[in-house]
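In case you want the letters, here they are:
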Amino acid sequence: TGSAERRLLFSDFMRDDGNYEMLPEMDDVISRVSSMLDDYNAIAKRPMKLVIFPFAIEHICRILRIIKQPLGNALLVGV
């Protein structure tokens, strides 16, 4: 993190009640996403070894917003 510039990010995965809200400090968000990844890896047959960083969090927020909409879909292109 360490940047003076803070991006506005909104999502509903920080609270258990599902309310859509502005995300708090990036360190708190990274901690929550890492915890959710650990929960997934504990029950998955093939765990994902991912590195969570601020730019990845921004993409996760965008993707979640898209796929939670009715008929929401996205094309992800990696270069």
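Please read all numbers here as calculations on a predicted model, not as lab measurements. (Residues numbered from 1 in each chain as written. Predicted model: local features only at pLDDT ≥ 70, side-chain atom pairs only at ≥ 80, totals over all residues. Heavy atoms only, no water.)

A.B. asks: Sorry, what's going on with the pattern of salt bridges here?
C.D. replies: Oppositely charged side chains are able to pair whenever their charged atoms sit close together. Evaluation of the coordinates by the stated rule reveals 5 salt bridges. Among the salt bridges present, the one from E21 reaches R15, with a minimum N-O distance of 3.4 Å. Judged by its relative accessible area of 22%, E21 falls in the partly exposed class. D16 is paired through a salt bridge with R32; the nearest N and O atoms lie 3.4 Å apart. Here the residue D16 occupies a position in the loop between β1 (10–11) and β2 (21–22), and R32 occupies one in helix α1 (residues 26–43), the gap between them amounting to 16 residues. Judged by its relative accessible area of 27%, R32 falls in the partly exposed class. (Salt bridge = Lys/Arg side-chain N within 4 Å of Asp/Glu carboxyl O. Buried < 20%, exposed > 50% of the residue type's maximum accessible area, 1.4 Å probe, protein only. Helix = DSSP H or I, 4+ residues; strand = E, 2+ residues; numbered from the N terminus.)

A.B. asks: Where do I start with the packing of aromatic side chains in this structure?
C.D. replies: Aromatic ring pairs are defined here through the distance separating the ring centres and the angle between the ring planes. Taken as a whole and judged by the stated rule, the model has 1 aromatic pair. Considering the side-chain rings of F10 and Y20, the 6.4 Å spacing of their centres and the 20° angle between planes classify their relative orientation as stacked. With F10 in strand β1 and Y20 in the loop between β1 and β2, the pair connects residues that are 10 residues apart, well separated along the chain. By relative accessible area, which is 48% here, Y20 ends up partly exposed. (Phe/Tyr/Trp six-rings, centres within 6.5 Å; stacked < 30°, edge-to-face > 60°.)

A.B. asks: In this structure, what is going on with the nonpolar core? I would like to understand it.
C.D. replies: A general tendency of soluble globular proteins is for nonpolar side chains to be buried together. L9, F13, M14, L23, M26, V29, I30, V33, L37, I52, I57 and C61 together form the largest nonpolar core, which totals 12 residues. Mapped by element, the contributors of at least two residues to this core are α1 and α2 (54–67). Looking at this core element by element, the count peaks at 5 residues for α1. (Core = buried A, V, L, I, M, F, W, Y, C linked by side-chain atoms within 4.5 Å.)

A.B. asks: What exactly am I supposed to notice about unusual backbone geometry here?
C.D. replies: Among all residues except glycine, the phi angle is most often negative; among peptide bonds, the trans geometry is most common. Positive phi, close to 60°, is recorded for L71, a residue that is not glycine. Structurally, L71 is set in the segment after α2. On the basis of relative accessibility, which here comes to 84%, the residue L71 falls in the exposed class.

A.B. asks: I tried to follow the side chain of S11 on my own but got confused; where do I start?
C.D. replies: Tracing the backbone through its elements, the reader meets S11 in strand β1. Since its relative accessible area comes to 3%, S11 is described here as buried.

It is worth stressing that arrangement in space is one thing and function is another; only the former is reported here.
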